[in-house]
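Coordinates in review
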Amino acid sequence: MSRPGSPGTRPGPELTLPAPTTGAPLDVGTAPAPTNPEQALAELHAGNRRFVTGTPRHPNQDAGHRAAVADGQHPFAVIVGCSDSRLAAEIIFDRGLGDLFVVRTAGHTIGPEVLGSVEYAVTVLGTPLIVVLGHDSCGAVQAARAADATGTPPAGHLCAVVDAVVPSLRRAAAEGVEDIDGIVDIHIAYTVEAMLGRSAVLAAEVAAGRCGVVGMSYRLTAGEVRTVAAVPALAVDAPEPAASVALA
Ligand SMILES: [Zn+2]
């Protein structure tokens, strides 16, 4: 797996990301929906840039679009995010109805229902990009660390969340990472790896080039996302609005 900050957990073809649409183009929401991982990732970065800079366009949230998508959906990205109330996908990526297929659990843990939901989006709806979305100061990761340190498991089903985070704690310890945000980055990358390890369906879609998986970490204060893992190696952080950037 990749270490946080080093995109790419497997060798991948060199890809070129289109010039970012961070200049708030007039066709946001009316342009054709992305159909491949690179286009989908570019749209997410563009929307996040609009959100960060305070220039959201709230595309696809009007009554006309609501009616237009009532008969079918073709979301261009699956967001497997933490349930944290400050991590609302359509807001931080400045998108609307029909754009994002969102599955959220505390600490973006991935049980069978989550994997089944993601497989549905990718294989039935044809969604070309999966994003594992974590964030700094994640309460689920902190709860897991506290339970692990004290040897006192939490009551009820919260145990399942803690147990799902423990492998990331072990990996962080082995790598000498102790700060919570460093552990979060490792947990995001671990989730990407675990998703493909547990789902032969998703692994096959990625291997066939029909889908990509990116791990992103969101900063609660700044509102921006940062890439910490990608399969194949197609993701980098959104470049400043300038020119096309060749990616390795
Ligand atoms: Zn969280």
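First things first, this report covers the structure right here in the doc. (Residues numbered from 1 in each chain as written. Predicted model: local features only at pLDDT ≥ 70, side-chain atom pairs only at ≥ 80, totals over all residues. Heavy atoms only, no water.)

**Re the packing of helix α7 (residues 180-198) against helix α8 (residues 200-207)**
Applied cut-off: Orientation is described by axes fitted as lines to C-alpha atoms, over the contacting stretch for helices, and by angles from 0 to 180 degrees between their N-to-C directions. Each helix is a run of H or I in the DSSP string that is no shorter than four residues. Each strand is a run of E no shorter than two, and both are numbered from the N terminus. Any angle between 65 and 115 degrees counts as roughly perpendicular, while under 35 counts as roughly parallel, over 145 as roughly antiparallel, and the rest as oblique. Two residues form a contact once any of their heavy atoms are found within 4.5 Å.
Following both chains from N to C, one finds α7 and α8 inclined at 105 degrees, their axes separated by 5 Å at the closest point. Relative to α8, α7 is oriented roughly perpendicular. The residues of α8 that touch α7, namely those facing M195, L196 and R198, are A200, L202, A203 and V206.

**Examining the coordination of the zinc ion**
Tetrahedral coordination by four donors sets the ideal angle at the metal to 109.5 degrees; octahedral coordination by six donors sets it to 90 or 180 degrees. Convention followed: Atoms of type N, O and S within 2.8 Å of a metal are treated as its donors, and for Na, K and Ca the window is 3.2 Å; water is not considered, so some sites may appear to be missing partners. Relative accessible area decides the class of each residue, using a 1.4 Å probe on protein chains only: under 20% of the type maximum gives buried, over 50% gives exposed, and in between gives partly exposed.
Surrounding the zinc ion are the protein donor atoms C82 (SG), H135 (NE2) and C138 (SG), at 2.1 to 2.3 Å. Summarised as a motif, the one-chain spacing of the donors to the zinc ion is C-x52-H-x2-C. Placement of the pair is C82 in strand β2 (residues 77-82) and C138 in the loop between β4 (129-135) and α5 (139-150), with a sequence separation of 56 residues. There is no split in this pair, since C82 and C138 are both buried.

**Things to note about the environment of P34**
Position of P34 among the secondary structure elements: in the loop between β1 (15-17) and α1 (37-52). Here the alpha-carbon distance between P34 and F76, two residues 42 residues apart in the chain, equals 5.9 Å. Beyond its immediate sequence surroundings of up to four residues, P34 is in contact with Q39, A40, E43, F76 and P128.

**Some thoughts on the pairing of strand β5 (residues 212-218)**
Keep this limit in mind: Note on pairing: DSSP must find at least two bridges between two strands before they are called paired.
Along β5, 7 of the 7 residues are buried, which leaves the element largely enclosed by surrounding structure. With burial as the criterion, each face of β5 is covered, one bearing G212, V214, M216 and Y218 and the other bearing V213, G215 and S217. Direction of pairing for β4 relative to β5: parallel, over a ladder of 7 bridges. Its bridge partner being in β5, V131 is matched across the sheet by V214. Here β5 pairs with strand β6 (residues 225-231) via 6 bridges, running antiparallel. From the neighbouring strand, S217 faces β6, where its bridge partner is R226. In this antiparallel pair of consecutive strands, β5 and β6, the connection spans 6 residues, and G223 shows a positive phi of 80 degrees.

**Describing the pattern of salt bridges**
Test applied: Only one rule defines a salt bridge in this text: a Lys or Arg side-chain nitrogen within 4 Å of an Asp or Glu carboxyl oxygen.
Summed over all chains, the structure comprises 9 salt bridges. Linking R86 and D84 is a salt bridge whose minimum nitrogen-to-oxygen distance equals 2.8 Å. Here R86 falls in the partly exposed class, since its relative accessible area comes to 46%. Residue class for D84 comes out buried when judged on its relative accessible area of 14%. Between D99 and R95 there is a salt bridge, and its shortest N-O distance comes to 3.1 Å. We note that D99, like R95, is buried.

Scope: geometric values only; no functional claims are made or implied.
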